[in-house]
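# Summary of the model geometry
What follows is each chain in one-letter form.
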Amino acid sequence: MTSEFSFTDLAGIGIGPFNLSLAALANDVPQLKTRFFDQKPAFSWHPGLAFDDSVMQTSYLKDMVTPVRPTSALSFLNYLVLRGRFYDFMAARFETVSRREFTDYMAWVAHQLEICEFGAQVREVDHDGQRFLLRMASGDVVQARGLSVGTGPVPNVPEGAPLGPNCFHGIEYLERGKEIAGKRVAVIGGGQTGAEIVLDLLTARDGPAQLTWLSRRSAFWQLQEGGLVDQIFTPAYHNVFLDLPGDHKKEVVADQKYSSDGLTPATADEIYRQLYRHRHLEGGDAVSLRPGRTVTRIDRRFGGFQLQAETPDGGCEGLNAEVVILATGFRPTVPGCLDPIRDRLTTEAGGALALDARYRVLWDGPEDTPIYGMNHGRQSHGIVDPQLSLTAWRSASILEDFTGRPLFDALRTGSDGLVDWAGGQMAEESVRIPA
Ligand SMILES: Cc1cc2nc3c(=O)[nH]c(=O)nc-3n(C[C@H](O)[C@H](O)[C@H](O)COP(=O)(O)OP(=O)(O)OC[C@H]3O[C@@H](n4cnc5c(N)ncnc54)[C@H](O)[C@@H]3O)c2cc1C
């Protein structure tokens, strides 16, 4: 088999929602050659957590293109129209669209873009002083002037967790979940992933004999929602956040946590109703919800696992389980394919690629061969970065930066938002008092 050598302007590694949005918008940019690669055989979105009834935490209008190019043929609304279900969808008056339908929409987008290639693993990326060289698993080599790293975060697994068939990260749940019938199950993690797994276990026909849900959070907090909260998911606030002093950004991100990491209210309410049914109508005592517990150890014991958790009063609690599901979130990481240039990239303490305001990774390569980092900006660009709200807007900003051309009017016509973050929105100037 002979290997092929080809050139593109911008190469995307990974086709999750973030690079897919970049591809969808790049596809219409004249004189720009792009190629996007994903190792998976076809587009999918977290299939291990694709419950039939799980819903999006963000509006369907925050799709791959609409916020910056509503006339694109790749919008969610056009998907509905071409699928022949626009009126049926509207009449359903969904508050939020199901993840299943949004995944189908994204797969539809990917399918239409010839620049998106699946079954295409990028094995190694090097830089020859002028261009990136992407060595593909197929043996082909792709030369590119710019890179967009959209390989996604990796499961966050507590140190020393004895991973195996009965102790696994929640991202694999639907592939493993069948082994829980009649067992003592512990779910660790009080975010939306933990909640969806707990709800599935509570309603399963062959459910566990015992279910314990442990969370480090002081209570099972829901998403903070509403128009005023949503103001932090706008380009206007993003720009305000960028100007905050570095050490203050960390505090602000922590303060805003439950605007994006809380439980979807519908899921939380349904868990509560299931709990009520279990406790009061069925007289059950085999379900225990335990907030304020920080799991410190998971040891294999007697064919199962023994967990230790710190309690809010500083004590220690033990628990035995036969199945442990780690709904312990995700963390950013530099993908292995960047190993040949890893020493040249600046990273943050948490493992993310360090980004400048234009989403360029800080590195020692030439300015005209940028690397853009998708989903690496939670600390540098704010709580909005790992979710879909500004996806299309970020893609548009990257494309303008890369081409040096004003391609998207929406980047300049947006409102400053309805909250006066930095002063100056009132007709009468607000006075800044020196600290
Ligand atoms: C269950 C779940 C539900 C979520 N729901 C929402 C929501 O409703 N709203 C919202 O705003 N956010 C949501 N998020 C958060 C966020 O939108 C998703 O995590 C999103 O998938 C992140 O997209 P991504 O493009 O960074 O990476 P990913 O979706 O993780 O995609 C990365 C891709 O890179 C590929 N890849 C990796 N390495 C290589 C390589 N070397 N070569 C080729 N391909 C490679 C992988 O195969 C993968 O397809 C959710 C997250 C989860 C886990």
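Residues numbered from 1 in each chain as written. Predicted model: local features only at pLDDT ≥ 70, side-chain atom pairs only at ≥ 80, totals over all residues. Heavy atoms only, no water.

## Focus on the site of the ligand
Near the ligand lie 29 residues; those nearest to it are Asp38, Trp45, Gln57, Thr58 and Leu388. For the ligand, an oxygen atom lies 2.9 Å from a polar atom in the side chain of Lys40. Contributing elements (two or more residues each) for the shell around the ligand: α1 (17–26) and β2 (34–38). (Near = heavy atom within 4 Å. Polar contact = N/O pair within 3.5 Å; in protein donor to acceptor, adjacent residues only side chain to side chain. Helix = DSSP H or I, 4+ residues; strand = E, 2+ residues; numbered from the N terminus.)

## As for helix α6 (residues 192–203)
Here α6 contains twelve residues, and its C-alpha end-to-end distance of 16 Å stays within 8% of the 16 Å for a straight helix at 1.5 Å per residue. Within the span of α6, buried status applies to Gln192, Gly194, Ala195, Glu196, Ile197, Val198, Leu199, Leu201 and Leu202. (Expected span 1.5 Å × (residues − 1). Buried < 20%, exposed > 50% of the residue type's maximum accessible area, 1.4 Å probe, protein only.)

## Quick word on the sheet that holds strand β12 (residues 294–301)
Reading across from one edge, β12-β13-β14 is the order of the three strands in this open sheet, with antiparallel pairing throughout. The sheet terminates laterally at β12 and β14 (316–321), the two strands that pair on one side only. Adjacent strand axes in the sheet meet at a mean angle of 20° when their direction is disregarded. Sheet topology places β12 next to strand β13 (residues 304–310); seven bridges connect them, and they run antiparallel. When the bridges of β13 are listed, Arg297 appears paired with Gln308. (Pairing = 2+ DSSP bridges. Axes fitted to C-alpha atoms, helices over the stretch in contact; angles between N-to-C directions.)

## A few points about a nonpolar patch on the surface
Judged by side-chain polarity, Tyr272, Tyr276 and Leu281 come together as a nonpolar surface patch covering roughly 390 Å² of accessible area. Mapped onto the elements, Leu281 comes out in helix α10 (residues 265–281). Judged by relative accessible area, which is 64%, Leu281 ranks as exposed. (Patch = residues over 30% accessible without salt bridge, like charges linked within 9 Å, V, L, I, M, F, W, Y side chains within 5 Å. Areas by Shrake-Rupley, 256 points an atom, 1.4 Å probe, with all protein chains shown as cover. Salt bridge = Lys/Arg side-chain N within 4 Å of Asp/Glu carboxyl O.)

## Some words on the domain arrangement of the protein chain
According to the domain assignment, the protein chain consists of domain 1 (5–153 + 332–413) and domain 2 (167–222 + 262–326). Using C-alpha coordinates to define each centre, domain 1 is positioned 34 Å away from domain 2. Opposite the ten residues of domain 1 that make contact, domain 2 presents 14 residues. Of the roughly 850 Å² buried where domain 1 meets domain 2, counting both sides, 60% is carbon and sulfur surface. (Domains from an automatic or database assignment. Contact = heavy atoms within 4.5 Å. Buried area = accessible area lost by both parts, 1.4 Å probe.)

## Notes on the sheet that holds strand β9 (residues 184–188)
If you trace the five strands from one edge of the open sheet to the other, you get β8-β15-β9-β10-β11, paired in parallel fashion. Of all the strands in the sheet, just β8 (167–169) and β11 (287–290) have a single pairing partner and so form its edges. Sheet twist, expressed as the mean angle between neighbouring strand axes with direction ignored, is 15°. Sheet topology note: the strand β10 (residues 210–214)/β11 ladder contains four bridges and is parallel. Within β11, the residue paired with Leu214 across the bridge is Arg290. Running over the sheet, α6 touches β9, β10, β11 and β15 (323–326) and is turned about 165° from β10. Across the sheet, α10 touches β10 and β11, and the angle it forms with β11 is around 135°.

## Quick notes on the pairing of strand β4 (residues 122–127)
Both β4 and strand β5 (residues 132–136) contribute to a ladder of five bridges, which runs antiparallel. Paired with Glu124 across the strands is Arg135, a residue of β5. The turn linking β4 back onto β5 is made up of four residues, and Gly129 within it adopts a positive phi angle of 100°.

## A closer look at the environment of Leu20
Topologically, Leu20 is positioned in helix α1. C-alpha of Leu20 to C-alpha of Phe36: the two residues are 16 residues apart in sequence and 8.2 Å apart in space. Those residues in contact with Leu20, other than ones at most four positions away along the chain, are Ile15, Phe43, Met64, Met106, Val109, Ala110, Leu113 and Cys116.

## What to know about the nonpolar core
Membership of the largest hydrophobic core comes to 78 residues, with the highest contact counts inside it found for Leu20, Met64, Phe102, Leu134 and Leu399. Looking at which element gives the most residues to this core, the answer is α1, with seven residues. For Leu134, the contacting residues outside a window of four places in its chain are Ala11, Ile13, Phe37, Val122, Glu124, Val125, Asp140, Val141, Val142, Ala144 and Leu147. Among the nonpolar cores identified, the runner-up in size contains 24 residues, and Phe51, Val185, Val187 and Ile197 belong to it. (Core = buried A, V, L, I, M, F, W, Y, C linked by side-chain atoms within 4.5 Å.)

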